[in-house]
Amino acid sequence: MATPSKKTSTPSPQPSKRALPRDPSSEVPSKRKNSAPQLPLLQSSGPFVEGSIVRISMENFLTYDICEVSPGPHLNMIVGANGTGKSSIVCAICLGLAGKPAFMGRADKVGFFVKRGCSRGMVEIELFRASGNLVITREIDVAKNQSFWFINKKSTTQKIVEEKVAALNIQVGNLCQFLPQDKVGEFAKLSKIELLEATEKSIGPPEMHKYHCELKNLREKEKQLETSCKEKTEYLQKMVQRNERYKQDVERFYERKRHLDLIEMLEAKRPWVEYENVRQEYEEVKLVRDRVKEEVRKLKEGQIPVTCRIEEMENERHNLEARIKEKATDIKEASQKCKQKQDVIERKDKHIEELQQALIVKQNEELDRQRRIGNTRKMIEDLQNELKTTENCENLQPQIDAITNDLRRIQDEKALCEGEIIDKRRERETLEKEKKSVDDHIVRFDNLMNQKEDKLRQRFRDTYDAVLWLRNNRDKFKQRVCEPIMLTINMKDNKNAKYIENHIPSNDLRAFVFESQEDMEVFLKEVRDNKKLRVNAVIAPKSSYADKAPSRSLNELKQYGFFSYLRELFDAPDPVMSYLCCQYHIHEVPVGTEKTRERIERVIQETRLKQIYTAEEKYVVKTSFYSNKVISSNTSLKVAQFLTVTVDLEQRRHLEEQLKEIHRKLQAVDSGLIALRETSKHLEHKDNELRQKKKELLERKTKKRQLEQKISSKLGSLKLMEQDTCNLEEEERKASTKIKEINVQKAKLVTELTNLIKICTSLHIQKVDLILQNTTVISEKNKLESDYMAASSQLRLTEQHFIELDENRQRLLQKCKELMKRARQVCNLGAEQTLPQEYQTVFQDLPNTLDEIDALLTEERSRASCFTGLNPTVKERWLNPLKELVEKINEKFSNFFSSMQCAGEVDLHTENEEDYDKYGIRIRVKFRSSTQLHELTPHHQSGGERSVSTMLYLMALQELNRCPFRVVDEINQGMDPINERRVFEMVVNTACKENTSQYFFITPKLLQNLPYSEKMTVLFVYNGPHMLEPNTWNLKAFQRRRRRITFTQPS
């Protein structure tokens, strides 16, 4: 019996799915039989073998919310209708054991295996191990397309998981072990070579495939050597030349042995030579170290007297610096006194200079007064002369009044003209702003149109080139031709573009729409035939469908959440809209919201609409011809790519007309401004002339009064200047007396300053003498310190050199010990044994330097490597077990075919026994007695025959298999009922034997009255809208109810 797994329900348009695991009580322990003693045995503890799957857990994986499957240890049949989720379990096994997503043939990214609408998914596989089960968990992040791995709930890496899985001999990438549904047909396509490698990995010993690869590599090297030979063998003399080659192989074998012996001796001598070289280097380093040590001692002794002399110099320097400081203090005091005397003398000089400057200023002022008096008298005389010649200007006032009236009238006209100019300028600014606004709108429209055209150019370059040609050649067509539909459609709301792009195929979105068949033929002949462009073209219906009313009013559908038909979501030219209504019935397809999706079953049943759009999905409704049932399918809407940019062409044309009207008004305003500026210029010129005349008349009228005022003013100034007199002789006498007094004081100060300078000079001389003595001492001290530092630096370098030499000596001593130990190990000598005489004799004939020994070793190893073809051990270790393995497979394969009254055989096939990379397994079968055995290929046999052959080959591997489990998904689909029954019986008998690996057999249907075994585990996968929740599933309650029904029924 089966028990339900735990599962949680989530809102989803698809029904939830559940897998029913086996009842653990159905496990039957069995003893293990060794059917293939030559192969590594699968470890088992109880019914499960090492590496078998104990539990499969899935969460948000493909169609499952939460599901847990517990398979049995032997044959597990997973049965369920198509689409219930059987293959999802296979995908969980593959991905949970670190398999590649691409191997399943479904998707190449692991994120696609997470249930739609979920951000994370999880697969957990529990594998049986005698030491404790291994639980591998893989969490999948959809957004990052990443996996997070855990082993026994502890975080780990994919590489470690792959190593753990490989250690249990699980190969989810091997078709002989793991055959998913999408890969069943590929098994027959395997070449003989690929089939052999898959078989080796699946059931051969671990070293068999390794030996095969090694043989292929050796053969490849041998081929490279053979191609370099000058002589070519003839096919007719193959046997004779083979015998000759055997003789040559013997000689080459002995020659190779000689090389190997020489290599052995060279490798034995090399450590001794290396030891001797290092020992000699050690002795040399030791001698140099002792010499440097003595040098260090001498340098230290030579530094003692220099240190004492430096201390004496330092004491003498301190005494001299103290005396220099005393002299500096005395000099400073004398200098300050000199400075005070100099300041007093300078003040006296400054006072004399001020007296002299004051006298000069008074002299200059008197000269300037006399000059100004003369100038003023001359100006008065000139003004009096001019006054005599001035005419009487009393009759000028009427002329001034007439000019003033004319000026007032012109000012009024100018003000009126300026007002009109300002109005015109304001009108022009307003028009310029309107023009800029319209230009900006047109640029935005052009940018949007360019975006649409750029998308067209990037995605469909040929269509874009055809659009450019059409725009330049519209005169060749008689009727209207519309550019590609994606350029002519303008969405009213960009959010609704996804509905149109999901409804109209891409081929029609980039199609040109014609109203005339003749125009379309002209277009296609020029574009397709001449320019070789791949474009699409359609013809709009002769009678327009653009305004055709829908069969149902939108008001009737609003109760279901519909808000519009597709046609009302966009604008398009009449031919385009007519074509879309006729071809895709956009006037009949409603668009709904999330409310529509929530009520989708009711909408489908009540409205009988053929196509429906919800917020994120498209539903297509059909009626079955057989059962008359309504069948619906839904797909997620793809994101819009082309129609998200909206351009209103009608509004753009309106803007262009508006722009033309603005240009016309601007021209009229500019003309008016030019006329007004000319008028203003004329009035300005006339105004200037009148003002000039008025100015001249006013100047003539006021000139006499101004002259009289100026003469009166100048006479007053002259009187004041004549009164302001100065006695220069008295001023000069007073200044001379003051200067003599100051000079007497200054002479006394100069005498005092001279005495102070003599004292200061004497002190400076004494200080300089002391500084020179101090400099000499410092120089000698610096020289001694420099010599001391040089000697110290030399001492440090010598000591460092000594330390390095001592470290090098220790290192060489340690290396000598290691090399001696290694040399004794190579020659198998004890700690007290000496080198045997036979080694000494052989060593004398060998080179004595490492370079010569290494060169000879390289040469001998190269020569020895040329004899790779003489190694029969690898070939025998690989080929003999492989032949035995293929014999066992052939025996079981033939028996299976004989039981079906057919014939089949498996053999190891190769065209040349030395070409190891050409070895392969050949499967030959016949299903009718009248035919011969034919090799299994993807083309010769039918699909059912290939399925039977594949299944029987896998069954032949079952008892020989090293892998802990095998998965086969829906391989019985192409078989006829007779073969399916026979194959099923063989699967049951083979997979339910003791000590066979776990087997997963996935099928959507089974024949009636098939044989079953107690060791089988049957897992049923159900789905549907009326599934029970996990918390209401009770298998024992179902059984009790079944018994009650059986007991209460009348016999």
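Keep in mind that what you see is a predicted model, and the values were worked out from it rather than measured. (Residues numbered from 1 in each chain as written. Predicted model: local features only at pLDDT ≥ 70, side-chain atom pairs only at ≥ 80, totals over all residues. Heavy atoms only, no water.)

(A) The pattern of salt bridges, seen in detail. This model, assessed by the stated rule, comprises 40 salt bridges. When the shortest N-O distance is used, the salt bridge between Asp141 and Arg120 registers 3.4 Å. With a gap of 21 residues between them, Asp141 in strand 8 (residues 134–141) and Arg120 in strand 7 (residues 120–127) connect regions that are remote in the sequence. Taking relative accessible area as the criterion, Asp141 reaches 12% and is therefore assigned buried. Among the ionic contacts, a cluster of salt bridges with common partners joins Arg55, Glu68, Glu124, Glu126 and Lys153. (Salt bridge = Lys/Arg side-chain N within 4 Å of Asp/Glu carboxyl O. Helix = DSSP H or I, 4+ residues; strand = E, 2+ residues; numbered from the N terminus. Buried < 20%, exposed > 50% of the residue type's maximum accessible area, 1.4 Å probe, protein only.)

(B) Representation of the pairing of strand 15 (residues 536–539) within the structure. Of the two faces of strand 15, the one lined by Asn536 and Val538 is fully buried and the one lined by Ala537 and Ile539 carries no buried residue. When strand 14 (residues 511–514) meets strand 15, the two strands line up parallel, connected through four bridges. Among the inter-strand pairings, Val513 is bridged to a residue of strand 15, identified as Val538. For the segment spanning strand 14, helix 13 (residues 517–530) and strand 15, crossover handedness is right-handed. (Pairing = 2+ DSSP bridges. Right-handed = clockwise from strand over helix to strand, strands pointing away.)

(C) Molecular detail of the sheet that holds strand 12 (residues 481–482). An order of 12-14-15 is seen for the three strands of this open sheet, with the pairing classed as mixed. Unpaired on one side and paired on the other, strand 12 and strand 15 mark the two borders of the sheet. Pairing between strand 12 and strand 14: two bridges, direction antiparallel. By the bridge assignment, Cys482 is partnered in strand 14 with Val513. Of the strands in this sheet, strand 14 and strand 15 touch helix 13, which is tilted by about 175 degrees from strand 15. (Contact = heavy atoms within 4.5 Å. Axes fitted to C-alpha atoms, helices over the stretch in contact; angles between N-to-C directions.)

(D) Inspection of helix 15 (residues 574–584) at higher detail. The buried fraction of helix 15 is high, at eight of eleven residues. Within helix 15, burial applies to Pro575, Val576, Met577, Ser578, Tyr579, Leu580, Cys581 and Tyr584. At the exit of helix 15 stands His585, carrying a positive phi of roughly 50 degrees.

(E) Up close: the sheet that holds strand 23 (residues 920–926). Taken together, three strands build an open sheet; the order of strands is 22-23-24 and the sheet is antiparallel. Strands at the two margins of the open sheet, each flanked by one partner only, are strand 22 (903–909) and strand 24 (934–935). In this structure, strand 22 lies alongside strand 23, joined through seven bridges in antiparallel fashion. Note that in strand 23 the partner of His909 across the bridge is Gly920.

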